Amino acid sequence: MGIVAKQTIKGSVWSYLGALIGAVNVAILMPRFFSEEQIGLTSILITFSVMFSQFSSLGVQGVTNFFFPLFRNPEKKHNGFFTLMNIITFAGFVLFSIVYFFFKDAIVASKADNSLLVSNSFYILPLTFFTLLFLVYDNYNTILYDSVTGVFLKEFLFRVLNLIIVIFYFFELISFDAFIFLYVFSLSLPGILMLIILLLRGEASLKSINLSIFNKHKKEIISVALFSLISGFGVMSVSYIDKYMTNYYLGLAVTGIYTIASYISSLIQIPARSMTKILTPIISENWRSGNNSQLQSIYLKSNLVQFLAGSFIFLLIWINIDIVFLIIPEQYSAGKYVVLLIGLANVINSFGGSGQIVLQVSDGYKYATYFIFILLAITVIANIILIPPLGIIGASIGTLFATLGYVFLKILFLKRRYGLVTFDKNHLFGFVFFVIALLCAEFIDPFQNVVLNDIFKTFILLLVSVFLLLYTNLFIDNKITKEYLQRALSFFNRKT
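Right, let's walk through the structure included here. No experiment lies behind these values; they were computed from the predicted model shown. (Residues numbered from 1 in each chain as written. Predicted model: local features only at pLDDT ≥ 70, side-chain atom pairs only at ≥ 80, totals over all residues. Heavy atoms only, no water.)

1. Topic: empty space enclosed by the protein
Per the stated rule, a full pass over the model turns up two cavities of 30 Å³ or more. In this structure, the second largest cavity spans a volume of roughly 30 Å³. As for the second largest cavity, its lining consists of K77, H78, F82, Y140, G202, E203 and S205. Here the lining of the second largest cavity is built from residues that sort into two nonpolar, three polar and two charged. (1 Å grid on protein atoms, 1.4 Å probe; cavity = no way out; pocket = protein on both sides within 12 Å on 5 of 7 lines; lining within 4 Å. Points joined across faces, edges and corners; volume = space filled by probe spheres on them. Nonpolar A, V, L, I, M, F, W, Y, C, P; charged D, E, K, R; others polar.)

Written as structure tokens, this is what we have:
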């Protein structure tokens, strides 16, 4: 777990620095400088680009995760795998472009006023292309055991650029149209930079494909690509379908409010995203080598770390939620319980931990597709039923229950198919602590003042968490954790 822990910590540092800047952007500046419709537009553009880039990839991420260990050979430029990856990617984008040309009007349709999206819909195709580049090249870079660069580019650099253009807009140096152009450019830049980085490292070689390896596994590669395409599109659809359907039923303004609330909840996922990126090649290698005991160890430990980290961040957010909604404009307070419900969904999802990776890189990849589409079907049906009467609360309830069902199916399958144990007594201890802390945060208010209450409860949570971190075996890799704490203390001592 050494490399996992270290890259997870580094990735999380960049993620949280980016999240801090993103919080200034999304939760403080944008609600004051932009209308709800304008915020909704930025959200729906990302929604379209992420969903469509996943479709355009034709499952190449799954092929990379599953088969790259067979092609891996630095001296032979990985037997032309980069060339194979690009052929699939660009063929997928051409296919998507044809589909988009014929169905564009239906894609951007809404039951509410959608003129702002329609007038900016020409950004969808180029933004999808550059999002696709990042998606594919970042996955390839991760399989080469570098998960940090992609996090830096996407989570940190983009948000710094976004902060700059938000400030430009505030000082009326640019119009809203210019802001959207620069916003799309900053979203596109990580994909371009990732390609340049791979070229500079000599990892972006267009060497001819080793046909002996390809032909030997051709049928399986096609099968994995097909199921990965469906599964990957399903995963992204599940992640973004709530915003799409909120826009469809309620319009861009309500989508803007929902975007702010869901962004706050998304902070819970940062440690899991960082860990998942570096775990993918490691789990893939262990699966290929048949090292089941090591696979079980990695799976169990990573589940625990993701669950505890996600739970802690959720509690930190929910304890201070009243302060958060005192900072941003009043109309966004409608999203308070969206934060609660989607936050709980993210905690539940972290409990399943790395199970999705195991499914994607093993012979259970077909079942990963089936489970995702069960999840997608539940989410869509729940949103159709709940959004019209309950609005954004209905969308978040649908997400919560769909996630609960999906995690249960995944845990059950991994146990029965591979004998993988998802949780142990440490998970149970962490769950009990989470429930008690959540109840205390909700019902114990020692002071009359909201701000004082939240500060007091935050202090108690931090105190207890530090104790658990340093003096119990609940957290994994305590040596690494203490190493980073000691570095921080020695740096502070030098400065003082």
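2. Focus: unusual backbone geometry
Look at H78: it is not a glycine, yet its phi comes out positive at around 55°. Residue H78 is classed as buried on the basis of its relative accessible area of 4%. One non-glycine residue, N79, lies in the positive phi region at around 55°. You can see N79 is positioned in the loop between α3 (60–71) and α4 (81–107). (Buried < 20%, exposed > 50% of the residue type's maximum accessible area, 1.4 Å probe, protein only. Helix = DSSP H or I, 4+ residues; strand = E, 2+ residues; numbered from the N terminus.)

3. So, the layout of surface pockets
Its volume calculated, the second largest pocket comes out at about 490 Å³. Around the second largest pocket, the lining comprises 17 residues; the ones closest to its centre are L20, A23, L267, I317 and V324. Among the elements that make up the lining of the second largest pocket, the one with the highest residue count is helix α1 (residues 2–33) (seven residues). For the lining of the second largest pocket, the residue count by class is 16 nonpolar, one polar and no charged.

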